[in-house]
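# Summary of structural features
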Amino acid sequence: MKALIAWVALASVIAGIPAAALAQTGWVILPSFSLAEEFDDNVFVSTTDPKSDFITRFTPGLQLGYRSVPFTLLASGSIDAEIYANNSELSDAANRKRAALEVKYLPFSLLTVSLNVTYFETNTPSELVPTTGLQLARNRATQLAIIPAATYQITSVDTATASYAFFHDTVEGSLDNDTHRVKLRICPPAHGARHRLPQLSAPRVRESAEPDDDHQYADARVEAAAHPEHGPDPRGRAAVRVGGPSFIDDTVEPEAHASLEHSFKLAKVALEYHRTEAIVVGRPGKVELESVSGSLEIEPMRLLKLRFQPGYYRTFGGEDPTATVYGFLLGALYPIKSWLTARLDYRFAYQKQADTSLPHNIVTLSLDFVYPVRVAP
């Protein structure tokens, strides 16, 4: 479940800074530091012998680079140093490691080419498969993602985007997975409305599956995003993307995605349905994933944001038994200063698979410090 994954991306560390401040032209020096206290009632993610612990987490980070309209180059990194009160053998100066490189260039005004490279290392493999909601046993895992892309502005409102994504996932003592994904998206105008519609997917083909080799998958996808008439109200948005068919090992599988969003005066609500194929890190073969998730965000007082994000996930069709996960995130965020943000999150997941069940509760209180340093271009 997306809401159950903590700090997978470095962006979570810099959430306290307004987007406009980060988008200004010039050299970027962005030091950050997060201090968190967390209670986890199942630190080993075990179905038979759950052990709870209090965790103190320190997350220093740094982003460096140059940002402008024709050219952007940004490099960033952070680590999680953790101290476990009871299970001291889990304490480490770098339980998570993150690194990222972002390059963006405009050869001319209508064309943008980009490259994003990210590396993530963690002791919690669940963080590598957030869309499945699965609670995976504690183990060292890594993910390398390389995503080049190009976007062409066809008209003032039409864009065409082509991208290639390569993911290399590893889990200590288990299989490595390589995934290749090619995507083409064309977005036509919306008659003044901000809505997206259908997505068409070309065949997805499994490249190789030798028993002792890494598992590799290829996904060639074409998406046509259309915008239906939905009235002039800019507070609402509907998106329906119907994908497929996908062909893997002589089987034909459906793929679909739909979402609804609406903004009220003091609240935002969203509902999303997703049906697709996925790969679970460290496990052979593909699985089918079906999920329903929601989001409610309210601002009861100025600057204070409360959010509730429930979700239901079902993973089936693979070598492992069907897994069903119910969960939610209940959180609060308050920017004390422009450079200091306080957060309180409660995450719950209940996983049912075969004859086993796994409840998991995590409560996190954190302070995020971010202070951008600007150097004149």
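The coordinates are above.
The text that follows walks through the structure, step by step, so that each part is easy to find. (Residues numbered from 1 in each chain as written. Predicted model: local features only at pLDDT ≥ 70, side-chain atom pairs only at ≥ 80, totals over all residues. Heavy atoms only, no water.)

## Describing the overall build of the protein chain
What counts here: Only DSSP runs of H or I with at least four residues qualify as helices, and only runs of E with at least two residues qualify as strands; both kinds are numbered from the N terminus onward. Only protein chains enter the calculation, and the probe is 1.4 Å; a residue is then buried if its accessible area is under 20% of its type maximum, exposed if over 50%, and partly exposed in between. Two residues form a contact once any of their heavy atoms are found within 4.5 Å. Each accessible area value is a Shrake-Rupley result obtained with a 1.4 Å probe; residue values ignore everything except the protein chains displayed when judging cover.
The number of helices and strands found in the protein chain is one helix and 19 strands. Per-residue burial over the protein chain gives 41% buried out of 377 residues. Taking all contacts inside the protein chain whose residues are at least 6 apart in sequence as the whole, residues at least 24 apart take part in 56%. In the structure as shown, the protein chain presents an accessible area of about 18,700 Å², 64% of it carried by carbon and sulfur atoms.

## Here we look at the pairing of strand S14 (residues 287-301)
For the record, the criterion: Whether two strands pair depends on DSSP finding at least two bridges between them.
In this structure, strand S13 (residues 267-278) lies alongside S14, joined through 12 bridges in antiparallel fashion. Each residue of the ladder has a partner; that of Ala-278, found in S14, is Val-287. Sheet topology places S14 next to strand S15 (residues 304-316); 10 bridges connect them, and they run antiparallel. Looking at the pairing, Ser-293 lines up with Gly-311 of S15. Turn length for the S14-S15 hairpin, with the two strands adjacent in sequence and antiparallel, is two residues, and the turn residue Leu-303 shows positive phi of about 80°.

## Quick look at unusual backbone geometry
Even without glycine at this site, Val-45 takes up a positive phi of about 50°. With respect to the helices and strands, Val-45 occurs in the loop between strand S1 (26-40) and strand S2 (53-67). Backbone geometry at Leu-303 places phi at a positive 80°, although glycine is not the residue there. Note that Leu-303 resides in the loop between S14 and S15. Overall, the relative accessible area of 33% leaves Leu-303 in the partly exposed class.

## Some details on the pattern of salt bridges
Convention followed: Salt-bridge detection follows one rule: a side-chain nitrogen of Lys or Arg within 4 Å of a carboxyl oxygen of Asp or Glu.
Applying the stated criterion across every chain, the model contains 15 salt bridges. In this structure, Arg-57 engages Glu-38 in a salt bridge whose closest nitrogen and oxygen atoms are separated by 3.1 Å. Of this pair, Arg-57 sits in strand S2 while Glu-38 sits in strand S1, and the two are 19 residues apart along the sequence. Neither residue differs from the other here; Arg-57 and Glu-38 are each classed as buried. As a salt-bridge pair, Glu-38 and Arg-347 come within 3.3 Å of each other at their nearest N and O atoms. Residue Glu-38 is found in strand S1, and its partner Arg-347 is found in strand S17 (residues 340-353); the two are separated by 309 residues along the sequence.

## A look at the side chain of Arg-343
The line we're drawing: Contacts described as polar in this section are N or O atom pairs within 3.5 Å, which, within protein, must combine one atom able to donate a hydrogen with one able to accept it, while residues neighboring in sequence count only if both atoms come from side chains.
Within the secondary structure layout, Arg-343 lies in strand S17. Only 2.6 Å separates the side chain of Arg-343 from the side chain of Asp-368, close enough to count as a polar contact.

## A closer look at the environment of Glu-290
Residue placement: Glu-290 occurs in strand S14. Residue classification places Glu-290 among the buried residues on the basis of a relative accessible area of 18%. Residues Glu-290 and Thr-324, spaced 34 residues apart in sequence, show a C-alpha to C-alpha distance of 9.7 Å. Excluding its chain neighbours within four sequence positions, the residues that come into contact with Glu-290 are Tyr-273, His-274, Arg-275, Tyr-312, Tyr-313, Arg-314 and Phe-316. Of note is the side chain of Glu-290, whose polar atom sits 2.7 Å from the side chain of Tyr-273.

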